[in-house]
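Overview (structure and organization)
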Amino acid sequence: MDAVIELEARSELIGSVADFAYKWALNAGLPHEAALEFTLAVDELVTNIVLFAFPDSPKRFKLRFKRNLSIVEVIANELGEPFDPDRHVYDAQQALEHGDFEGAGLALIHALTDEFVFINKGKEGKEFRLSKQIMDLHITDLDEELEIDTSPAIGTAHTTYQVFSITPDDAEDISRLIYRTYDYTYTKEELYFPKKIERAIQQKEKLGVIVRSAEGDAVGYFAVIRITDSQVAEVAEAVVSPPHRQKGIMTRMMKNLIRISKENGLLGLYGHAVTPHKISQRVNAKYDFKSTALMLAESPAVTYKKLHETYPQPVSILVDFKLLKPIKQVNLYLPDPYQKMITSIFENLGIRCRTLKSHDIEWMHHSDIQIEIDYRDNTALLVIREIGKDFKQILGKITGSLAVKKLNAIYLDIPLDDPAIHHAMDTIQAMGYIFCGVFPLIKHDRYYLRMQKVYVNLDFSIIAIHSELGQEIKSLIKKEYHANRT
Amino acid sequence: MRIEREGQKLTVRLERDFNLFVKKEIKARLSPDIEKLEIDLTRSKLIDSEGVIFLHHWMAKGKHLQIINPPAILLKILEVLNLDDQLDWPNIISETKLQKEVSS
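Definitions and limits used
- Residues numbered from 1 in each chain as written.
- Chains lettered and ligands numbered in written order.
- Predicted model: local features only at pLDDT ≥ 70, side-chain atom pairs only at ≥ 80, totals over all residues.
- Heavy atoms only, no water.
- Pairing = 2+ DSSP bridges.
- Helix = DSSP H or I, 4+ residues; strand = E, 2+ residues; numbered from the N terminus.
- Axes fitted to C-alpha atoms, helices over the stretch in contact; angles between N-to-C directions.
- Contact = heavy atoms within 4.5 Å.
- Parallel < 35°, antiparallel > 145°, perpendicular 65-115°, else oblique.
- Left-handed = near helix turned anticlockwise from the far one by under 90°.
- Nonpolar A, V, L, I, M, F, W, Y, C, P; charged D, E, K, R; others polar.
- Core = buried A, V, L, I, M, F, W, Y, C linked by side-chain atoms within 4.5 Å.
- Buried < 20%, exposed > 50% of the residue type's maximum accessible area, 1.4 Å probe, protein only.
- Buried area = accessible area lost by both parts, 1.4 Å probe.
- Salt bridge = Lys/Arg side-chain N within 4 Å of Asp/Glu carboxyl O.
- Disulfide = S-S within 2.5 Å.
- Polar contact = N/O pair within 3.5 Å; in protein donor to acceptor, adjacent residues only side chain to side chain.
- pLDDT = per-residue confidence, 0-100.
- Right-handed = clockwise from strand over helix to strand, strands pointing away.

So, about the sheet that holds strand β4 (residues 115-120) of chain A. Residues and elements named next belong to chain A. Read across the open sheet, the five strands follow the order β1-β2-β3-β5-β4; overall the sheet is antiparallel. Every other strand in the sheet has two partners, leaving β1 (3-8) and β4 as the edge strands with one partner each. Put simply, the sheet's adjacent strands are angled 15° from each other on average, direction ignored. Packed onto the sheet, helix α1 (residues 14-28) meets β1, β2 (60-67) and β3 (71-78) and runs at close to 15° relative to β2.

This part takes up the packing of helix α2 (residues 32-53) of chain A against helix α3 (residues 73-80) of chain B. Look at α2(A) against α3(B): their axes get within 11 Å of each other, and the N-to-C directions meet at 55°. Regarding the angle of α2(A) to α3(B), the classification is oblique. Here α2(A) and α3(B) pass one another in a crossing that is right-handed. The segment α2(A) lies against α3(B), with A:L36, A:E37 and A:L40 engaging B:I73, B:K76 and B:I77. Its residues placed into classes, the contact of α2(A) with α3(B) shows four nonpolar, no polar and two charged.

Let us look at the sheet that holds strand β5 (residues 93-94) of chain B. Residues and elements named next belong to chain B. An order of β1-β2-β3-β4-β5 is seen for the five strands of this open sheet, with the pairing classed as mixed. The two strands at the open ends of the sheet, each matched to only one other strand, are β1 (2-6) and β5. Here two bridges tie strand β4 (residues 64-68) to β5, and the two strands are oriented parallel to one another. Counterpart to I67 in the pairing with β5 is I93.

Attention now moves to the nonpolar core. Core analysis: the largest hydrophobic core is formed by 81 residues, its most contacted members being A:L296, A:F346, A:L382, A:I414, A:I428 and A:L449. Among all residues touching A:I428, those that are not within four sequence positions of it are A:F391, A:L395, A:L412, A:I414, A:Y433 and A:M451. Within the second largest apolar cluster, 78 residues are counted, among which are A:F54, A:L112, B:L46 and B:M59.

Before going further, it helps to spend a moment on the interface of chain A and chain B. Facing the 28 residues of chain A at the interface are 23 residues of chain B. Between chain A and chain B lies a buried interface of about 2,100 Å² when both sides are counted; carbon and sulfur atoms form 73% of it. Inspection of the region where chain A meets chain B yields one salt bridge. A:D19 serves as the salt-bridge partner of B:K45, at 2.5 Å between the closest nitrogen and oxygen. Within the residue set of the side of chain A that touches chain B, elements represented by two or more residues are α1, α2, α3 (92-98) and α4 (104-112) of chain A. When its residues are assigned to classes, the side of chain A that touches chain B shows 17 nonpolar, six polar and five charged.

Take the state of the cysteines next. One pass over the structure, following the stated rule, counts zero disulfides over all chains. With no disulfide partner, A:C353 has as its closest neighbouring cysteine sulfur the one in A:C436, 17 Å distant.

Okay, the environment of A:D170 next. All names here are of chain A. Mapped onto the fold, D170 is located in the loop between β6 (161-165) and α6 (171-182). Considered as a pair, D170 and P194 are 24 residues apart in the sequence and their alpha carbons are 8.8 Å apart. For D170, the side chain forms a polar contact with the side chain of R212, separated by 2.9 Å.

To continue, consider the confidence of the model for chain B. Residue and element names in this part refer to chain B. Of all residues in chain B, 91% attain a pLDDT of 70 or more, and the chain-wide mean is 88. For the stretch residues 97-104, pLDDT sits under 50, and the model shows eight contacts to residues farther than four places along the chain or on other chains. At the level of chain-chain contacts, confidence expressed as ipTM amounts to 0.91, with global pTM at 0.81.

Note that an α-helix has 3.6 residues per turn; residues three or four places apart therefore point the same way. For helix α7 (residues 194-202) of chain A, every residue scored as buried is listed here: A:P194, A:K196, A:I197, A:R199, A:A200 and A:I201. Phi turns positive one or two residues past the end of α7(A), at A:K204, with a value near 60°.

What follows concerns the pairing of strand β16 (residues 352-355) of chain A. Residues and elements named next belong to chain A. Where strand β15 (residues 329-332) and β16 come together, four bridges link them in parallel fashion. Paired with V330 across the strands is C353, a residue of β16. Handedness of the crossover is the feature at issue here: the chain leaves β15, passes through helix α10 (residues 339-348), returns alongside β16, and the resulting connection is right-handed.

See below:
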């Protein structure tokens, strides 16, 4: 689980933080040696904060420990003296000849982690993020004999299949099924690592079903992944073994998955469908998912097994949503430029959207913007928690800090229940953010408008959209994208 | 942390990691007439850059140093900081004490 520690910047506490970091990293799935390296990086980061952020009087700062199935990450936020890690480069010669070890701690952090990112948040202080990948055994390391399944369809209409809820014991069968079906082309890399699947099921982050043939072989798998801090999940992983396709397995799995999701109290399901083709979008539409957003350049270019060619640009994702519990009406502040589009998106979900008018706003002193970086997809998500008087400066600093990381895109979530959204929109658009869509209930049961800032060139003619509303969303985004580039 | 002094030698047995705080504690116990320093890291899982910097500065003064059973990550730190082949680490590091204690 994620954890937050708030502590005083005192050297006495470094050891305790390191002890916690080590145990936490082990529990997150890092093996002993990698956990030690991660711990040392955390120790070095905290030491730097103690020594340089608050050299005279120690103040409090926060450490957030986050992890998903593939990486562990620590995020330090502090309001100490200005400091730019890029200006403190370690020089071994200088160390040996003059005993000057400036930058040694930072050199170690770089060497012991996979990513080390510094973000200057202006008045809101500094943010340091360090992360390390969780390396587990790949399914082909566990079973060297494993082969891709190319056999033709088998069985008859009478072939019997049984659907079961997944348990940790199914992890290896799921990995095998993915590998035998997709070879190395499946986009969710963690599915090739049984340990990652096992942990996700144990920790109830993943709910799903597995279908077995009469002989007990795993022939289908479908799962949803819970989204942190929300009561919604993402339909993220689906596979049916080729010889068992066209036998209604996908339909049975989806029906069971929706039932399990409802039983577990989920309010809605997201379905992210790739846009080089419309296959998964059609599947989502069949199960009454509705389009709410189009995320440009969301994941790297890939080769599709069926298409036999590499898609020539980062893959954009059509976001679909299905409500599991009816919601009749929402009362939200809809920014003028997108009032019509947002209302259409809600209506398409069966939700009446009443527009609130913002009058005199009582501004918060400080803005609060949470940053999430997806290192694999080369994107970042900024989630606005509070829009304060310093919003323009803070968003500008964060966007500037992230721009130098050469990301494909930055996504920005703005809560639609914040009356200050009207005033923030001019700033957001002026910084080059364009429309993306609506994300219902994605964090803390709130509704968000998502904007996006795209750094790569995209050809919209090869972004294929199935749904009517999805095409309208695409048209609006395309218009803003090109207007921004001129 | 246990610190014992015997003539010009200071022996430190750590019960925790060797970090900035421990470095300050040891420095506070060092007087100018101490020539030999022995640090037992058998129970430490980590030494960090502050620990390594302290060791380097101590040796740079021409004083004697013995490190007992350092955590394996010390070698990684020395490698990253390009210090691994610059100092006489094999003679500074002793990894026999734990075995001796176990066998006795």
